[in-house]
Amino acid sequence: AQSVTQLDSQVPVFEEAPVELRCNYSSSVSVYLFWYVQYPNQGLQLLLKYLSGSTLVKGINGFEAEFNKSQTSFHLRKPSVHISDTAEYFCAVGGGSNYKLTFGKGTLLTVNP
Amino acid sequence: EPEVTQTPSHQVTQMGQEVILRCVPISNHLYFYWYRQILGQKVEFLVSFYNNEISEKSEIFDDQFSVERPDGSNFTLKIRSTKLEDSAMYFCASSDRGRHTEAFFGQGTRLTVV
């Protein structure tokens with residue numbers, strides 16, 4: 001079975017500050033990791049994904065994440081956030097024989113002026 | 001840019017009634033999924049569908065749920081006899097290669113059972 005823990009349910013930051021949203025996973029098989037973003041009243045949009053290769057992956061809107069197998073983490077980072085980054089961010093894991101993605105509970109990022 | 005579309009965006013139904021949630025996946029995708037998110041909780045997998053049959057389903061996907069691809073474009077989720085606890089946001093998703101690829105999500109249908 002796979003599981004995802006997003007350690008922070010809410011993260012308030014000021015505009016232009018750096019941010020890190022934490023994600024830890026548990027899996028008995030090789031994993032594929034994803035970060036999705038959900039803007040208010042919208043669906044889930046893929047920010048970035050790790051399938052294999054380089055452990056540092058870059059996504060849209062200036063976000064990046066680093067896969068750390070030993071710490072079973074896939075934290076999302078952005079060096080300087082904008083007001084428009086305010087949204088809910090979901091970490092998800094897939095892999096093995098599963099078709100499904102297993103999601104974390106989400107982290108609400110609020111960027112204040 | 002191709003996208004997954006879901007209708008309706010919001011549906012209110014009485015307990016015990018049947019509802020059908022509709023989705024149009026991205027046209028060249030072969031794998032289809034339904035997820036749901038109860039308010040304040042995590043997004044949960046319901047079912048995956050490939051080659052006109054269910055490829056995986058969760059414990060949530062019991063006999064009151066069914067999925068269908070009635071034609072070449074639509075993918076539906078039917079809930080036969082809705083319960084209050086079925087109230088949630090339901091997301092449809094599709095992917096082109098299954099397990100190891102990105103799933104594209106629709107905007108969701110908010111189902112409210114009263």
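To keep things clear, this report deals only with the structure shown in the data block. This structure is a prediction, so every number in the text was calculated from the model and none was measured.

**Topic: the sheet that holds strand β7 (residues 65-68) of chain B**
All names here are of chain B. Strand order in this open sheet of 4 strands is β1-β3-β8-β7, and the pairing throughout is antiparallel. Looking at which strands have only one partner, the edges of the open sheet turn out to be β1 (5-7) and β7. Averaged over neighbouring strand pairs, the angle between their axes works out to 20 degrees when direction is ignored. Where β1 meets strand β3 (residues 19-24), 3 bridges bridge the pair, whose relative direction is antiparallel. Within the sheet, the bridge partner assigned to Gln6 lies in β3 and is Cys23.

**Observations regarding the state of the cysteines**
Think of a disulfide as a covalent bridge from one cysteine sulfur atom to another cysteine sulfur atom. Residue and element names in this part refer to chain A. Here the structure, examined in full by the defined rule, presents 2 disulfides over all chains. Between the sulfur atoms of Cys23 and its disulfide mate Cys91 the distance is 1.9 Å. Where Cys23 bonds to Cys91 through sulfur, the torsion about that S-S bond is close to -65 degrees, and the disulfide is left-handed. In this pair, Cys23 is assigned in the loop between β3 (19-21) and β4 (24-26) and Cys91 in strand β10 (residues 87-95), connecting sequence segments 68 residues apart. Taking the relative accessible area as the measure of exposure, Cys91 reaches 0% and is therefore buried.

**Side note on the interface of chain A and chain B**
Of the residues lining the interface, 22 residues belong to chain A; the matching set on chain B comes to 19 residues. Summed over both sides, the interface of chain A with chain B buries roughly 2000 Å², with 57% coming from carbon and sulfur. Sorting the residues of chain A by area buried against chain B places A:Leu44, A:Tyr99 and A:Phe103 first, and these three jointly supply 36% of that buried surface. Taken together, chain A and chain B are joined by 0 salt bridges. Of all the secondary structure elements, the ones that give two or more residues to the side of chain A that touches chain B are β5 (31-38) and β6 (44-50) of chain A. Across the side of chain A that touches chain B, the residue classes break down as 11 nonpolar, 8 polar and 3 charged.

**Remarks on the pattern of salt bridges**
Residue and element names in this part refer to chain A. The final tally for this structure, using the stated rule, is 6 salt bridges over all chains. Arg77 is paired through a salt bridge with Glu20; the nearest N and O atoms lie 2.8 Å apart. Remark: Glu20 occurs in strand β3 and Arg77 occurs in strand β9 (residues 73-78); sequence separation between them is 57 residues. Arg77 gets classed as partly exposed once you look at its relative accessible area, which sits at 28%. In this structure Glu20 comes out as partly exposed when scored by relative accessible area, which is 34%. Residues Glu66 and Arg77 are paired through a salt bridge, measuring 3.7 Å at the closest nitrogen-oxygen approach.

Calculation criteria
- Residues numbered from 1 in each chain as written.
- Chains lettered and ligands numbered in written order.
- Predicted model: local features only at pLDDT ≥ 70, side-chain atom pairs only at ≥ 80, totals over all residues.
- Heavy atoms only, no water.
- Pairing = 2+ DSSP bridges.
- Helix = DSSP H or I, 4+ residues; strand = E, 2+ residues; numbered from the N terminus.
- Axes fitted to C-alpha atoms, helices over the stretch in contact; angles between N-to-C directions.
- Disulfide = S-S within 2.5 Å.
- Buried < 20%, exposed > 50% of the residue type's maximum accessible area, 1.4 Å probe, protein only.
- Contact = heavy atoms within 4.5 Å.
- Buried area = accessible area lost by both parts, 1.4 Å probe.
- Salt bridge = Lys/Arg side-chain N within 4 Å of Asp/Glu carboxyl O.
- Nonpolar A, V, L, I, M, F, W, Y, C, P; charged D, E, K, R; others polar.

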